[in-house]
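This is what each chain is made of:
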Amino acid sequence: MKLPTIAFAITASFLASSVTLRAETVVLTADAMVDVETGRLVSDPVITIVDGEITDVSRGEAAVAEGDTVINLTGMTILPGLIDMHVHLTGKATDQGYRRLQISHERAAITGVVNAKKTLMAGFTTARNVGAPSFSDVALRDAIAEGDVPGPRLYVSGPSIGITGGHCSDNNLLPEEYGLVGEGVADGPWAVRAKVRRNIKYDVDLIKTCSTGGVLSKGTKVGAPQYTLEELTALVEEAHSHGRKVASHAHGTEGILNAIKAGADTIEHSSFIDDEGIRLAKEKGTFLSMDIYNTEYILGEGEKAGILQESLDKERVVGTRQRDSFRRAHEAGVKMVFGSDAGVYPHGDNANQLSRMVRFGMTEAQALRAATFNAADALGQKGNIGVIAPGASADIIAVAGNPLSEIGLLEDVRFVMKQGAIYKSD
């Protein structure tokens, strides 16, 4: 029997929205598949998909029943949709420093719609948005889930929580007479718990906090701790009691240790992590998310984007040290996930970081595992996403070649399927 095959052409209307396959059963074949769990390349994969879920993975000849839809990705290598654990979809790389003051929350939400599509088309079928004003990321997540706009499956934090005058929680750009206090500001254990409860009230998936200063905030020192261990412990306890994980921005050594001791699930940036922090992260199973690409954009394009001079000076100190910390943590066997900090650099270029992860110590297979299997584990979604296996969501991407020998191929994803719907095909 001649197999029915779907062929796709790129058109403006096609790229504007997903093409949902009407057939109940879809059989997808390709030249090869990356098994991200084992780091091996598997030839002649046959993937059976029913109602957006993978039901069977085999090799060789496709067993096709009458009425099945067949997709032949000849010349392609397939792998699970990528997962970015640190994005800011409601922000633009070109809107930095004082430029942020002219952006309303409503405008940020619309920006999020544009960036969500760019992220999905780049092969990232899942993303974790860590910090957004006025719960705009909650609205974006729901619009994507309901099919109103294209984008990755989102896990969102709403407004970040932190100290008065701190990184990620407060707005330090305006002078005192404006009386502006950031919506995420909370000081003291009970105020912190109240802020966590507020975020959960508005249906966030996780809590984002900052346990040190940051590069792009005015007036904060990168290495200085924010929140005491008592405050961080209260935050984590409250979040975990409601079934939410905690992501803690932390550059400085003391703040990293405080966040790990408090029980944070992921440490973002981890730039100045020391041997004790590495030991403790490994002991507790804490995931590190380290954005080792965006230093190139900050120092190369940041001044034009409006980044403050003090922030550029801070990045010159942080960048090299963070990459060394990445190498040491990886060599020590700490669990690592892919986190780009897209929004600091342009959305859609997320995969540029993969080559830097290889350059600074990982193999191609390890970098891909960080962006798939490990990230799914950190989200509590092991087996549901980040793998091509029975029972997982049909989140599948394809590239022309073998990414296990040329990781840069992930910067040119040719095919994107999320939950059985095709969003891109070259």
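So, a few notes on the structure that sits alongside this text. Everything numeric in this text was worked out from a predicted model, so none of it was measured.

## Here we look at the overall build of the protein
- Counting its regular elements, the protein contains 12 helices and 17 strands.
- Rg of the C-alpha trace for the protein: 21 Å, near the compact-globule value of 22 Å for 426 residues, within the 12% margin.
- Expressed along its principal axes, the backbone C-alpha trace of the protein runs to roughly 75 × 45 × 45 Å.
- Within the protein, buried positions represent 58% of all 426 residues.
- Within the protein, contacts between residues separated by at least 24 positions form 69% of all contacts whose residues are at least 6 apart in sequence.
- Within the structure as shown, the protein displays about 16,800 Å² of accessible surface, and the carbon and sulfur contribution to it stands at 49%.
- Positive and negative side-chain charges of the protein, numbering 42 and 54 respectively, have mean locations separated by a distance of 3 Å.

## Some words on the environment of Glu301
- Within the element layout of this structure, Glu301 appears in helix α8 (residues 294-305).
- The sequence separation of Glu301 and Tyr345 amounts to 44 residues, and the corresponding C-alpha distance is 8.9 Å.
- Within the structure, the side chain of Glu301 is placed 2.9 Å from the side chain of Lys304, a separation counted as a polar contact.

## Here we look at the pattern of salt bridges
- Taken as a whole, this structure holds 21 salt bridges when the rule is applied.
- Of the charged contacts in the structure, one is a salt bridge between Asp395 and Arg153, with a shortest N-O distance of 2.7 Å. Of the two residues, Asp395 sits in the loop between α12 (373-378) and β15 (396-399) while Arg153 sits in strand β9 (residues 153-156), which places them 242 residues apart along the sequence. Of the two residues, Asp395 and Arg153, both sit in the buried class.
- For Arg414, the salt bridge goes to Asp412, with nearest N and O atoms at 2.9 Å.
- Judged by relative accessible area, Arg414 falls into the partly exposed class, the value being 28%.
- Sharing partners across several salt bridges, the network here consists of Arg141, Asp142, Asp203, Asp205 and Arg244.

## Examining helix α10 (residues 352-359)
- Along α10, 6 of the 8 residues are buried, which leaves the element largely enclosed by surrounding structure.
- Taken together, the buried positions of α10 are Asn352, Gln353, Leu354, Ser355, Arg356 and Met357.
- Gly361 sits one or two positions beyond α10 and adopts a positive phi of about 130°.

## Notes on the packing of helix α5 (residues 229-241) against helix α6 (residues 253-262)
- Interaxial distance between α5 and α6 falls to 8 Å at its minimum, and their mutual angle equals 40°. One finds that α5 runs oblique with respect to α6. Crossing hand, α5 versus α6: right-handed. The segment α5 lies against α6, with Leu229, Leu232, Thr233 and Val236 engaging Asn258, Ala259, Lys261 and Ala262.

## Some details on unusual backbone geometry
- Positive phi is not limited to glycine here, since Asp203 has a value of about 70°.
- Its location among the elements puts Asp203 in the loop between α4 (189-201) and β10 (206-210).
- Residue Asp341 is not a glycine yet carries a positive backbone phi of 65°.
- By the secondary structure assignment, Asp341 is in the loop between β14 (336-337) and α10.
- Look at Asp341 and you get buried, because its relative accessible area is 7%.

Thresholds, definitions, all that
- Residue positions are given per chain, counted from 1 along the sequence in the order it is written.
- Whole-chain, interface and lining totals are the exception, using all residues; otherwise, since this is a predicted model, local features are given only for residues with pLDDT of at least 70 and side-chain atom pairs are given and counted only at 80 or more.
- With hydrogens and water excluded, all non-hydrogen atoms of the structure serve as input to the side-chain values.
- The helix and strand labels rest on DSSP assignments: H or I over at least four residues marks a helix, E over at least two residues marks a strand, and numbering proceeds from the N terminus.
- All radius of gyration figures rest on C-alpha atoms, and the globule criterion is 2.2 Å times the number of residues raised to 0.38.
- Throughout, exposure labels follow a simple rule: accessible area from a 1.4 Å probe, protein chains only, divided by the maximum for the residue type, with under 20% read as buried, over 50% as exposed, and the rest as partly exposed.
- Only heavy atoms matter for contacts: two residues are in contact if any of them lie within 4.5 Å across the pair.
- The protein chains shown are the only cover counted for residues, whose accessible areas, like all others here, come from Shrake-Rupley with a 1.4 Å probe.
- Neither His nor the chain ends contribute to the count of charged residues, in which Lys and Arg are positive and Asp and Glu negative.
- Charged side chains are reduced to one point each, which is NZ for Lys, CZ for Arg, CG for Asp and CD for Glu.
- Whenever two N or O atoms come within 3.5 Å, that pair is a polar contact, provided that in protein one can donate a hydrogen and the other can accept it, and provided that, for residues adjacent in sequence, both atoms are side-chain atoms.
- By definition, a salt bridge exists where a carboxyl oxygen of Asp or Glu is found within 4 Å of a side-chain nitrogen of Lys or Arg.
- Angular values range over 0 to 180 degrees, each being the angle between N-to-C directions of two axes fitted as lines to C-alpha atoms, with helices fitted over their stretch in contact.
- Our angle categories are set so that under 35 degrees counts as roughly parallel, over 145 as roughly antiparallel, 65 to 115 as roughly perpendicular, and the remainder as oblique.
- In this scheme the handedness of a crossing depends on how the near helix is turned from the far one: anticlockwise by less than a right angle means left-handed, clockwise means right-handed.

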